[in-house]
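Now for the letters of each chain:
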Amino acid sequence: MKKIIHLIFFIFFISCIFCLTPPQPINPIKNPQNQHYYQVFDNKAAYGVQITGPNATNYCNSFSYNGTKGYLVTFTSEEEWNWGKSNNLTTSGMWISGSDGEKTGVWKYSKGSPEEDDFMYNLYFDKCYSFCIFGSLEPNLIKDEHWLHTSGSVTVPYVNNNGPLALLDKYVCEFGGYEEPHIPPSPTTGSTVIVKNLNSFTIDSQLSIIFTNRANPSKTFSCSTITKIDSSSVECVIPPGQGKFTVAIKDSKNKMNNIPIYWNYELPMIGGVYPVFTQGSVATITGANFGTLASEITVTLGAPGVSCNNIVITQSHEVFTCVLSESLTGNKFLPITITVSTNTFISFKAAIFYNGYYYSGFLAWATFETSMIDYASNLRIDGQIGHMGSLYDDTLIQFANNTLPVQNGNARWILWQNAKYVGNGNFVYITGPNQGKPVALKYKSIIGGDAVKETWTQDTRFVIYLDTLELTNMTVSSYTGVLTEYGGTPPSFTTPNKVNTIDTIGGKVDIGIDNYGTIFSIITVFFNGESIAFERDYINGELDVQIPSGFDGPYEIVVRVDTLNTTANSQFVKYNQPSITTMNRVPTTGGVVTITGSSFSNALSNTFLTFESCSSLTILVPFKSYTCTLPAGTGTIPVSLKISSQSTTATYKYAEPSIIYSNNIAQVGGTLSISGTNFGTDSNLIQVLITGGLDNVNVSCKNVAIIEGHEKISCLSPPLSPDTYSLQIIVDSISSIEPQYQIEYFNSDLYTNQDKADLLINGKDLPDASLLSIILGSVNISSYCSGGQSLIRCSNLPLTVTSGTLSITQGDKVYPSIPVTLNPWIATISNQLLDTLQTSDVTITGRYFEQPIRVFRDKVELIEDEDFTANSPEEIVLHIYGGFGLNHSIIIENQNQLKSNKVIYSFFAPELLSVKQVEDSVIIIGRNFSKTLTTLIFGSYEPTIKLIDSDRIEFDLSTSTSRNGDIYVIVDSQKSNTLSLDIYPILYGIKPTPSSFNSTSKIIISGNYLFEENSDGGLVKLQFQYTFKTPSVNSPTGFLLNCLALVEGTDYQCDIEPGYGQFEIVAISKSTLISNSLQSEYESPMVLKVLSQVYLDEPIDLLISVINFKINYTSVFIEDQECSNVSMVDPTTIKCKYQSNIPLPNERNGLNVKVISANLSGENDCLVYSTLYDCELLNNCSGHGDCNRKLPKCICYEGWRGQDCSIDSEKYPPQPEPPIIDENGSTTFPGLKINYTVAITHLVEMDVNDNPVRFLALSEIEWTNRTGLTSSSNYYSGNFNKKGDNSTVFELIIHYFSDEGEIEFAGETLYMPENSIKYQATISGWKFSSELNYLVTIFKSRTDSSELYNCDSIDTRSKYLKNQYQIQTFSTSLIGKFASRAIIDDRIVQTDLIQIDKQNNSKIYNFIGALTDDSDDSKFTLRTGVISPRFTTKTIIDPSFGQLLRPEDDNEDIDCNSNKWKIPVIVVVSVVGGSTLVATASIFYYRKLKQKKSMKRMSISMNSMKD
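Residues numbered from 1 in each chain as written. Predicted model: local features only at pLDDT ≥ 70, side-chain atom pairs only at ≥ 80, totals over all residues. Heavy atoms only, no water.

**A word on the overall build of the protein chain**
So the rule is basically this: Only DSSP runs of H or I covering at least 4 residues are called helices, and only runs of E covering at least 2 are called strands; the numbering of each starts at the N terminus. This radius of gyration counts C-alpha atoms alone. The globule rule is 2.2 Å times how many residues there are, raised to the power 0.38. Burial status follows relative accessibility: with a 1.4 Å probe on protein chains alone, a residue under 20% of its type maximum counts as buried, one over 50% as exposed, and anything between as partly exposed. Only heavy atoms enter the contact rule, under which two residues are in contact if any of them lie within 4.5 Å. In this description, accessible areas are obtained by the Shrake-Rupley approach with a 1.4 Å probe, and a residue is regarded as covered only by the protein chains that are shown. Positive charge is attributed to Lys and Arg, negative charge to Asp and Glu, and no charge count is given to His or to the chain ends. By convention, the charge on Lys lies at NZ, on Arg at CZ, on Asp at CG and on Glu at CD.
The number of helices and strands found in the protein chain is eight helices and 131 strands. The globule rule puts the C-alpha radius of gyration for 1507 residues at 35 Å, and the 50 Å found for the protein chain is more than 25% above it. Principal-axis analysis of the C-alpha atoms places the extent of the protein chain at approximately 190 × 105 × 55 Å. In the protein chain, buried positions account for 51% of the 1507 residues. Within the protein chain, residue pairs in contact and separated by at least 24 positions form 64% of the contacts whose partners lie at least 6 positions apart. Split by element, the accessible area of the protein chain, about 66,400 Å² in all, is 49% carbon and sulfur. Computed over 106 positive and 151 negative side-chain charges, the separation of the two mean positions in the protein chain equals 7 Å.

**Topic: the nonpolar core**
Filter applied, for reference: Within this scheme, the nonpolar core is defined by two criteria: the residues are buried Ala, Val, Leu, Ile, Met, Phe, Trp, Tyr or Cys, and they are joined through side-chain atoms within 4.5 Å.
One finds Val299, Ile336 and Phe427 to be the most contacted residues of the largest nonpolar core, which totals 50 residues. Beyond its immediate sequence surroundings of up to four residues, Val299 is in contact with Ile285, Val306, Ser307, Cys308, Ile311, Phe320, Ile336, Thr337 and Ile338. Val73, Leu89, Phe362 and Met372 belong to the second largest nonpolar core, which has 46 residues in total.

**Brief notes about the sheet that holds strand S33 (residues 438-439)**
To keep it simple, the criterion reads: Strand pairing follows a simple DSSP-based rule, namely that at least 2 bridges must link the two strands.
Taken in spatial order, the three strands make up an open sheet running S31-S32-S33, and their pairing is antiparallel. Edge positions in the sheet fall to strand S31 (420-423) and S33, since each has one partner strand and no second. Sheet topology note: the S31/strand S32 (residues 426-428) ladder contains three bridges and is antiparallel. Residue Gly423 lies in a different strand from S32, and its bridge partner there is Asn426.

**Some remarks on the environment of Thr518**
Mapped onto the elements, Thr518 comes out in the loop between strand S40 (507-514) and strand S41 (523-527). The buried category is assigned to Thr518, whose relative accessible area is 11%. Placed 913 residues apart in sequence, Thr518 and Phe1431 show a C-alpha to C-alpha distance of 29 Å. When residues no more than four places from it in sequence are discounted, the contact partners of Thr518 are Tyr358, Asp382, Gln384 and Arg536.

**Considering the environment of Leu328**
For Leu328, the location among the structural elements is in the loop between strand S23 (319-324) and strand S24 (336-340). On a C-alpha basis, the gap between Leu328 and Leu301 in space is 8.3 Å, while along the polypeptide they are 27 residues apart. Look past the residues within four positions of Leu328 in its chain and what remains in contact with it is Val276, Phe277, Leu301, Val306 and Phe333.

**Observations concerning the pairing of strand S91 (residues 1022-1028)**
For S91, the buried fraction is high: six of the seven residues fall into the buried class. Looking at chain direction, S91 and strand S95 (residues 1062-1069) are connected through seven bridges and run antiparallel. In the sheet register, Phe1028 faces S95, and the bridge partner there is Phe1063. When S91 meets strand S92 (residues 1039-1040), the two strands line up antiparallel, connected through two bridges. Bridging across to S92, Tyr1026 finds its partner in Phe1039.

**Quick look at helix H3 (residues 53-62)**
Three or four residues apart is the spacing at which side chains of an α-helix point the same way, because the helix has 3.6 residues per turn. Formally: Under this definition, polar contacts are N or O atom pairs within 3.5 Å; protein pairs additionally need one hydrogen-donor-capable and one acceptor-capable atom, and for neighbouring residues in sequence, both atoms have to be side-chain atoms.
Listing the buried residues of H3 in full gives Gly53, Asn55, Ala56, Thr57, Tyr59 and Cys60. Where H3 begins, the capping side chain belongs to Thr52, and its oxygen is found 3.3 Å from the backbone nitrogen of Asn55.

**Points about the side chain of Thr607**
Structurally, Thr607 is set in strand S50 (residues 607-611). For Thr607, a relative accessible area of 8% gives the class buried. Within polar-contact distance, the side chain of Thr607 engages the backbone oxygen of Ala603 at 2.8 Å. Within the structure, the side chain of Thr607 is placed 3.1 Å from the side chain of Tyr626, a separation counted as a polar contact. Beyond its immediate stretch of four places on either side in the chain, Thr607 contacts Ser601, Leu617, Tyr626, Leu641, Lys642 and Ile643.

**Thoughts on the sheet that holds S40**
The strand order across the open sheet formed by four strands is S38-S40-S44-S43, and the pairing between neighbours is antiparallel. The sheet is open, and its two edges are formed by strand S38 (492-493) and strand S43 (534-537), each paired on a single side.

**Some details on the state of the cysteines**
Note the cut-off: Note that a disulfide, as used here, is simply two cysteine sulfur atoms within 2.5 Å.
Counted under the stated rule, the structure contains 12 disulfides. The side chain of Cys308 participates in a disulfide bridge whose partner is Cys322; the two sulfur atoms lie 2.1 Å from each other. In this structure the cystine formed by Cys308 and Cys322 twists about its S-S bond by roughly 90 degrees; its chirality is therefore right-handed. Here Cys308, found in strand S22 (residues 306-315), pairs with Cys322, found in strand S23; they are 14 residues apart in sequence, far enough to count as distant. Using a relative accessible area of 2% as the deciding quantity, one classes Cys308 as buried. Each sulfur of the disulfide joining Cys1181 and Cys1194 lies 2.1 Å from the other. Judged by the torsion about the S-S bond (-90 degrees), the Cys1181/Cys1194 disulfide is left-handed. Remark: Cys1194 occurs in strand S106 (residues 1193-1196) and Cys1181 occurs in the loop between strand S104 (1160-1167) and strand S105 (1185-1188); sequence separation between them is 13 residues.

**Quick notes on the packing of aromatic side chains**
Convention followed: Only centres within 6.5 Å qualify two rings of Phe, Tyr or Trp (six-membered ring in Trp) as a pair; their planes then separate them into stacked at under 30 degrees, edge-to-face at over 60, and tilted for everything else.
The full count for this structure, using the stated rule, is 58 aromatic pairs. For the pair Phe427 and Trp456, a centre-to-centre distance of 6.0 Å together with 50 degrees between the ring planes defines the contact as tilted. In this pair, Phe427 sits in strand S32 while Trp456 sits in the loop between strand S34 (445-446) and strand S35 (461-465), placing the two residues 29 residues apart along the sequence. In this structure Phe427 comes out as buried when scored by relative accessible area, which is 4%. Of the residues examined, Trp456 reaches a relative accessible area of 6% and is grouped as buried. Where Tyr1026 meets Phe1063, the ring centres are 5.4 Å apart and the plane angle is 35 degrees; that geometry is what we call tilted. With a gap of 37 residues between them, Tyr1026 in strand S91 and Phe1063 in strand S95 connect regions that are remote in the sequence. The residues Tyr1026 and Phe1063 share a single accessibility class, namely buried.

**Considerations on the environment of Ile29**
Among the structural elements, Ile29 can be located in strand S1 (residues 29-30). Overall, Ile29 belongs to the partly exposed group, its relative accessible area being 33%. The spatial distance from the C-alpha of Ile29 to the C-alpha of Asp1344 is 89 Å, given a sequence separation of 1315 residues. Ile29 has contacts with His36, Tyr37, Tyr38, Trp83 and Asn87, leaving out every residue within four places of it along the chain.

**Some details on empty space enclosed by the protein**
Note the following rule: Any residue with an atom within 4 Å of a point lines the site, the site being either a cavity, points on a 1 Å grid over the protein atoms alone where a 1.4 Å probe fits but cannot get out, or a pocket, an open set with protein on both sides within 12 Å along at least 5 of 7 lines. Grid points are joined across faces, edges and corners, and a volume is the space filled by probe spheres set on the points. Residues were grouped as follows: Ala, Val, Leu, Ile, Met, Phe, Trp, Tyr, Cys and Pro as nonpolar; Asp, Glu, Lys and Arg as charged; and all remaining residues, including Gly, as polar.
All told, the structure shown has 12 cavities of 30 Å³ or more when counted by the stated rule. For the largest cavity, the lining is made up of 14 residues, of which Phe75, Ile96, Met120, Phe131 and Val159 are closest to its centre. Split into classes, the residues belonging to the lining of the largest cavity amount to 12 nonpolar, two polar and no charged.

**Concerning the pattern of salt bridges**
Where charged atoms from two side chains of opposite charge come close, those side chains can pair. As a reminder of what qualifies: A pair is scored as a salt bridge if a Lys or Arg side-chain nitrogen falls within 4 Å of a carboxyl oxygen belonging to Asp or Glu.
Inspection of the entire model under this criterion finds 43 salt bridges. For the salt bridge of Glu893 with Lys899, the shortest nitrogen-to-oxygen distance reads 2.9 Å. For Glu893, a relative accessible area of 4% translates into the label buried. The salt bridge partner of Lys931 is Asp949, with a shortest N-O separation of 3.8 Å. With Lys931 in the loop between strand S82 (921-927) and strand S83 (934-938) and Asp949 in strand S84 (residues 945-949), this pair connects stretches of sequence that are 18 residues apart. Here the salt bridges share partners, and the residues they tie into one network are Glu102, Lys108, Lys111, Glu116 and Asp117.

**A closer look at the pairing of strand S112 (residues 1252-1257)**
Examined bridge by bridge, strand S111 (residues 1236-1246) and S112 share five bridges and lie antiparallel to one another. Across the sheet, His1242 pairs through a bridge with Ala1257, a residue of S112.

**Brief notes about the side chain of Asn34**
Following the sequence through the fold, Asn34 ends up in the loop between S1 and strand S2 (37-42). Among the residues examined, Asn34 registers a relative accessible area of 11% and is labelled buried. Within the structure, Asn34 has its side chain in polar contact with the backbone nitrogen of His36 (distance 2.9 Å). Within the structure, Asn34 has its side chain in polar contact with the side chain of Tyr38 (distance 3.0 Å).

Here it is as structure tokens:
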């Protein structure tokens, strides 16, 4: 009961809100920018209640101020928002315009506003049209939240959405704008827009709409091709552009808009992004409305924003690249803030490219179903549809953490997972291309623990907290965010098995398609097996394909995206059957019939016209109209038109008969003489009817006779009562033109008619005219009349004669008076061929132009004083404005409504004077062109006219349809003369770069108008001429290439001979039409490596491995210093003199070697100095030898031996037996007292700030291969698959040196002492998490911390030098030497050796847990690391280890109660459960008794070592 009471109260409360009388505006604020008024209404303060969004909309719509209707405020520009912010119109909690009620996520301005139904924002494309300032979480997808209000803070306001019952205190109304013209924004590519609210303007041909750039007023453009839609709106074309503008509208009466109209191109929209995170990296951003001016684009990434500079537009309006100015350390990649010519948009939801897919995130606060079906599946990035994603990979999670933006209030990223539980801890995908397949969700813990798994079912839905990777189940009605994934699905048509139709002329067909790739995809559309042009419409998910002309069908459409095709036979295009729309009606004398319609042909070979006696069939406009010549005839004729295999029918009618004149007749009846047109020549087919009058008669005029074919007939009329009757003629079932001609039956035997200007008096037994007094009106015309009996003719009547009563007397005899109404008669026209532009004065002479008169031109009445001047009843001057066309008629009607005969005039026919090609355009110079009535024909098609004036036409060539041929125009059925146009080819590009010194290369030459047929099918000779530009005695000039068309008109594949340097290619059509010159070049020199071992400040004849050079034109530079005496050793080796005096900078891996040959250059940072070592670890040769610092090696004086020359040659002990290496790689050496172990323990990845990122412990390797290469070499290989790393491979080669020698590694020579070990370690497949990271390979060397000598404990010491270290016990020392170079991806770079302990590189030390491992005080441990810069495939390092013997000491006391001497073993890398990695070659000796100085037998041991 209590709940019911609450519900009733709530309904009553809401009803009261709805029934309140809204307040009225008082002193609103005026915006000086647009002259609109604004007012904030506080409903809570006024009525004590809050207000909903729908009510706020209705309230504002009911207001008015200063005679202008109100509406909920529409913020349509950044300037308007900022002004509103400064006037407290954007403070949080006020309703403003915007609704997605029609389609959730598609926001438009609210009903009742001037911008009603204009798009504001599309959530599914993250596209803002003119202005948006949503928060990062907005607009969300919470159910029914279809209204917008302000939010945020006073300083940082933004907009978010809310529901129909949400209540706020305030709302903002705007007044003004309904009476102002409204122009929606346009994409930067240009578009056709509808300009509304032009009620106060005169819409005619002089209406202009001018746009002026707000930032640079000198930049303007016009909205062109203005077409009237109705009395208040027009359609016009916005050209491509960018930026913000003001608009000025002016009509023919000089009326202009008083209030400035603010307008801008659509805001930039970000589609997909290829992200980067480190300074200097290049990001790629795709989308729309980027324009064409890179200098007008600014981009920042993340918040606070990091600039992305050096903008390069790679695809106009759609794609650009930029270079990150600093690394995004601690920052997110999103949001992206982009400004194009002051138009700014911030994208929090841009899709980011990762690992072959795009991903976008949005805290939509929507249910699972809404997120998956209504949001993710509706998203489109480029041509790919979205689907709900899952967190299935650690690197994807890291990527999401690095890219997704920090949300308002630091809201956590909680993401629905595209996963269904199937038991046993397993999940499968619910939707997307992997639907039903297993998915391994990545999470660290389950909220509620593993026990909650028992409650999971297939209907359970899951989310993961991105920051903590906590997994929890949620109900399907819960609200949270979504990660959308794009890609993985082949292209498919949205309407399968659809048959699209198009006219035979071809044109655009909109093909609905999903998953048609990204902006970087290679998309090909095949129609009937041939590739065709297309444009992509991302917003509507369409490919707008350009279908060529053709017939019949249906033919298959196939879309290929990269290597994936749409399903076969799932989309078709069929050409429409022909349709006849009009056929002009020729007179019965015959004439040319123009048949117009659609889906006609461009050739007579497949045109079949059945049209009785219509001959000389000609194509007037290809695909649109024919002409044929029809002989004289009457009535109707059946017509059948068949194009290829499809046909249509129609019925043709000759022109209807027309009566110009008929005599009146006495009541007794008599002969009617009828003049007119289209009577034919067969009187049997003519019926003359007299109808009407007071008695409503309908009688026939008998005995029809042809007096003059087609124009004059006579018939015998019956007696009728005196009255006015209608005269109708039917010729072969076709009736004369309405209204019908009027004749009069009069009360007398006398009657009159008229023959041109002569008056004919008819009667019976009339006396000779000379005996009669004949008076017409008040003029005696007796002397002008002759004849008698039945006819008296009065000719050349005086000019004073007008219509009136005819009185005839003969003495006393008085004949009955006869009323005479004279028909106007036109005798002459002064000029029958008129100017198309200027007004022509044409003089019409004749008789009986009785005032007031009416003049008709083509049945349209002209206006006196404006269109003509009546000088007298015999002369009229017509003012005929410029025009076009043939056979325009003039008829004069006098005050008695009698019409004259018809006279004809025409305008000058169009004339072509010249035609020329200017790049991709054609300019025609001529005269008598019409802007609206001109049809242009070039060859076999009708080009689209780009610009036309009375004397100039411009159109763009089409590489697919333009061919050499005849060109002419048709202006209002008048055809011009014909000129011929041969098209110059245009070249755009050459790819790939041809080989310099190998065999013949194939190149592709791209351009336009590279065709081999004229429009009439005749062959065109097309050649490509090659000229070698580099100076040479045998340089070929004008050499013709052997080429084959790949895409006729645009792409040719040609064979080109090997060469060097630069060359140019031109295309030659018809031997005389030469294209632009296209410059290109052969492959540039490629510097591979330096072959010499180079030492700083030691000049050298430097050997460099190079390909693609010509030694005659070659110079070599080391950095900026030129190398002298350049010569060729062999085709791949150059030698030059280098002073070796340029030091290598610390941050560089090698000096730059540049080779310039024939103006082409190649370079490589490949000159690495070899290291000069000290012999300090060899006791500086003990004073008994000299140090060779290059190896390093002591050259002992005579009588001394040993590595450090410290042993008397006579006392030099024998070398122990060679070490033994078992199957696990463990190496055992004979020795005394002390054990050494050396191991590679870890591979550690470090970031740019020298912080460890991840590591692999060698104790966890799984060995897959152990092979003995030779008697002294072994090979090992293993991986870390069991640790989840499926890419990293570790390889090791161990080589034993029984005798001393030298080895070469990475171009550096190193000395190997006798009985020593060298190994080579290769690490490949390592996946770096950043391009700036590097790898450290850690070696751990361990021995006892002290050694007894004469019962005293001697501490173990170490010494660390560049690329060397030494561990010194009393009896011996271990020396490790590391090559100063490493091989990185087949490049030689310098590398460094670092010491790792608590003081040095402590971050690494702590990261690998070394502190615990070093807890044994009885052991001495030294860790070192070899640094490898980031590599793509592999790195190779090459250390070696050897022993330095101490001379024997005869005073050494061994009797210290120690009878358990250690077995002397050196184990170089032992791995738990695995094999030995690296072997060292220290040879240790101990003396158990003073008397015994011989070597002990070697033993084998395997010591395990853990980290």
